[in-house]
Amino acid sequence: MAERRHLISIDDLSDDQLRWIVQRGAEYSRGAVGADRPLSGRVVGVLFRRTSTRTRTAFSAGALRLGAGLVTYGPDDLQLNTGESVEDTGTVLSGMLDVLVARTAGPEAELRAYAAQKQMSVVNAMSAVEHPTQALADLTTIVRHFGRVEGVRVLYVGEGNNTASALTLALSRYPGTELHLRTPPGYGVGQRYLDQAAASARHSGARVEQRHDLSALPPVDVVYTTRWQTTGSTKPTPDWRTAFAPFQVDEALLAAVPDAVFMHDLPAHRGEEVTAAVLDGPASIAFTQAENKYHSARAVLEWCAADLPSGGAGL
């Protein structure tokens, strides 16, 4: 039986493990992996307390395609709603499940509590502070498009939310990458993530910088944005749209970096964070990126619960 491995933060992965998952996702996306069912006999639980289209479908379909059984839970299905503790819930589920994929949109500590047992892997399908499986899908998309992550330059425009935090941690692990965060004042990526990325960048030779304006844009390979109203989050000021308005990705912004492709984690609100002309235009790879959630999810599930050789999993 495979060792149980958790993915609650990108920081839970070694460099080798991060690269293995990303490359495996790219292999799945190319159809380079056979029809093996490495999770045959396993059972995956999928708990979503917040709405989801891509992530829930990706992990559900991925589990089934890999041969696992599937148990799904909605926001009102567990005895958590009647006062049972997260720790007790995790202990009980661990006697029946091999993997729990959970979207809580709550604190990371809640997912750590689910993981406080030795039988069941826990995957963070989005917490309030980090969305690690999105970052893995993003890097899978970059590999699929450019053939590599190393040296790729990304301009991230918009709120420094859980997606941006995960991307900051992940991209800074790769040599020569650049991440230019352009976020509204008061809505940047948190210092914890910037500090960790800076530490990774000193080792990898990556570059991470955050500014709160869109002047003097550098040459980049990717422009990335997310919707302004992230699932499960609220804005502390009622006039936040005024601060966000200059950070819309429109045709003029894309024209300033003419060789870049456009990425978006979806769902998108055309006319808010991005114009329809950009999202639906020739530079957009956002819907390929969405498909890669499925390929990347299979790689995550395989890493968590399949009987992998230690060398292949970067252990």
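Each remark here, short or long, concerns the structure printed above.
Residues numbered from 1 in each chain as written. Predicted model: local features only at pLDDT ≥ 70, side-chain atom pairs only at ≥ 80, totals over all residues. Heavy atoms only, no water.

K.L.:
Give me the lowdown on the packing of helix α6 (residues 162-171) against helix α7 (residues 191-204), citing residues and values where you can.
P.N.:
Viewed as axis vectors pointing N to C, α6 and α7 meet at an angle of 15 degrees, and their least axial separation amounts to 8 Å. Viewed along their axes, α6 and α7 adopt a mutual orientation that is roughly parallel. Along this stretch, α6 crosses α7, giving a crossing that reads as left-handed. Between α6, through S165, T168 and L169, and α7, the contact on the second element is made entirely by Y193, Q196 and A197. For the contact of α6 with α7, the residue count by class is three nonpolar, three polar and no charged. (Axes fitted to C-alpha atoms, helices over the stretch in contact; angles between N-to-C directions. Helix = DSSP H or I, 4+ residues; strand = E, 2+ residues; numbered from the N terminus. Parallel < 35°, antiparallel > 145°, perpendicular 65-115°, else oblique. Left-handed = near helix turned anticlockwise from the far one by under 90°. Contact = heavy atoms within 4.5 Å. Nonpolar A, V, L, I, M, F, W, Y, C, P; charged D, E, K, R; others polar.)

K.L.:
Could you give an account of the side chain of R227, with specific residues and numbers?
P.N.:
With respect to the helices and strands, the residue R227 is situated in the loop between β8 (222-225) and α8 (240-244). Only 3.0 Å separates the side chain of R227 from the backbone oxygen of Q229, close enough to count as a polar contact. Among all residues touching R227, those that are not within four sequence positions of it are N161, H264, D265, P267, H269 and E273. (Polar contact = N/O pair within 3.5 Å; in protein donor to acceptor, adjacent residues only side chain to side chain.)

K.L.:
Now, about the pairing of strand β7 (residues 207-211): what can you tell me, with residues and values included?
P.N.:
Relative to β7, strand β6 (residues 178-182) runs parallel, the two being bridged by five bridges. Bridged to E178 within β7 is R207. Taken together, β6, α7 and β7 form a β-α-β motif whose crossover is right-handed. (Pairing = 2+ DSSP bridges. Right-handed = clockwise from strand over helix to strand, strands pointing away.)

K.L.:
Please provide a residue-by-residue account of unusual backbone geometry, values included.
P.N.:
Following L266, the chain continues to P267 via a peptide bond in cis, the omega torsion being 5 degrees. Within the secondary structure, P267 is located in the loop between β9 (261-264) and α10 (276-279). Phi is positive for A105, which is not a glycine, with a value near 55 degrees. Tracing the backbone through its elements, the reader meets A105 in the loop between β3 (99-103) and α4 (108-114). Its identity is not glycine, yet A216 carries a phi of approximately 50 degrees, on the positive side. Summarising the element assignment, A216 is placed in the loop between β7 and β8.

K.L.:
Could you give an account of the packing of helix α1 (residues 15-29) against helix α11 (residues 286-305), naming the residues involved and the relevant values?
P.N.:
One can describe the packing of α1 onto α11 by two numbers: an axis separation of 8 Å at closest approach and a directional angle of 130 degrees. The orientation of α1 with respect to α11, classified from their angle, is oblique. Classified by chirality, the crossing of α11 by α1 is right-handed. Contact residues: α1 offers Q17, W20, I21, R24, G25, Y28 and S29, while α11 offers N292, H295, S296, R298, A299, V300, E302 and W303.

K.L.:
Describe the sheet that holds strand β2 (residues 69-73), and please don't skip the residues or the numbers.
P.N.:
Taken in spatial order, the four strands of this open sheet run β2-β1-β3-β4, and their pairing is parallel. The open sheet has two edge strands, β2 and β4 (121-124), and neither has a second partner. Between one strand and the next, the sheet's axes are offset by a mean angle of 20 degrees, whatever the strand orientation. When β3 meets β4, the two strands line up parallel, connected through four bridges. By the bridge assignment for β4, V101 is matched with V123. On the sheet, helix α2 (residues 54-65) packs against β1 (43-48), β2, β3 and β4 and is oriented at approximately 170 degrees with respect to β1. Against the sheet, α11 makes contact with β1, β3 and β4, and its axis sits at roughly 135 degrees relative to β3, the strand it touches most.

K.L.:
So what about α1? Which residues, and what values?
P.N.:
Helix length check: α1 (15 residues) gives 21 Å between terminal C-alpha atoms against 21 Å at 1.5 Å per residue, within 8%. All of the buried residues in α1 are Q17, L18, W20, I21, V22, R24, G25, A26, Y28 and S29. Residues of α1 that are buried make contact with α5 (132-146), α6 and α11. Downstream of α1 by one or two residues, G31 has phi in the positive range, about 70 degrees. (Expected span 1.5 Å × (residues − 1). Buried < 20%, exposed > 50% of the residue type's maximum accessible area, 1.4 Å probe, protein only.)

K.L.:
Tell me about the sheet that holds β9, and please be specific about residues and values.
P.N.:
Each strand in a sheet pairs with its neighbour through backbone hydrogen bonds, running either in the same direction (parallel) or in the opposite one (antiparallel). Strand order in the open sheet made by the five strands is β7-β6-β5-β8-β9, with parallel pairing throughout. Of all strands in the sheet, those bounded by a partner on one side alone are β7 and β9. Averaged over all pairs of adjacent strands, the angle between their axes in this sheet comes to 20 degrees, without regard to strand direction. Each of β5 (153-157), β6, β7 and β8 is contacted by α6, which is oriented at about 155 degrees to β6, the strand it contacts most.

K.L.:
So what's going on with the packing of aromatic side chains? Residues and values would help.
P.N.:
Per the stated rule, a full pass over the model turns up five aromatic pairs. Their ring planes at 85 degrees and their centres at 5.1 Å tell us that W240 and F244 sit as a pair that is edge-to-face. Placement of the pair is W240 and F244 together in helix α8, with a separation of four residues, close to one helical turn. Look at F244 and you get buried, because its relative accessible area is 0%. Among the aromatic residues, ring-to-ring pairing joins Y187, W228, W240 and F244 into one connected group. The cationic tip of R19 hangs over the ring face of Y174; the distance from NZ or CZ to the ring centre is 4.4 Å. One cation-aromatic arrangement involves K235 over W240; the distance from NZ or CZ to the ring centre is 4.7 Å. (Phe/Tyr/Trp six-rings, centres within 6.5 Å; stacked < 30°, edge-to-face > 60°. Lys NZ or Arg CZ within 6 Å of the ring centre and 35° of its normal.)

Purely spatial values, then, with no claim about function.
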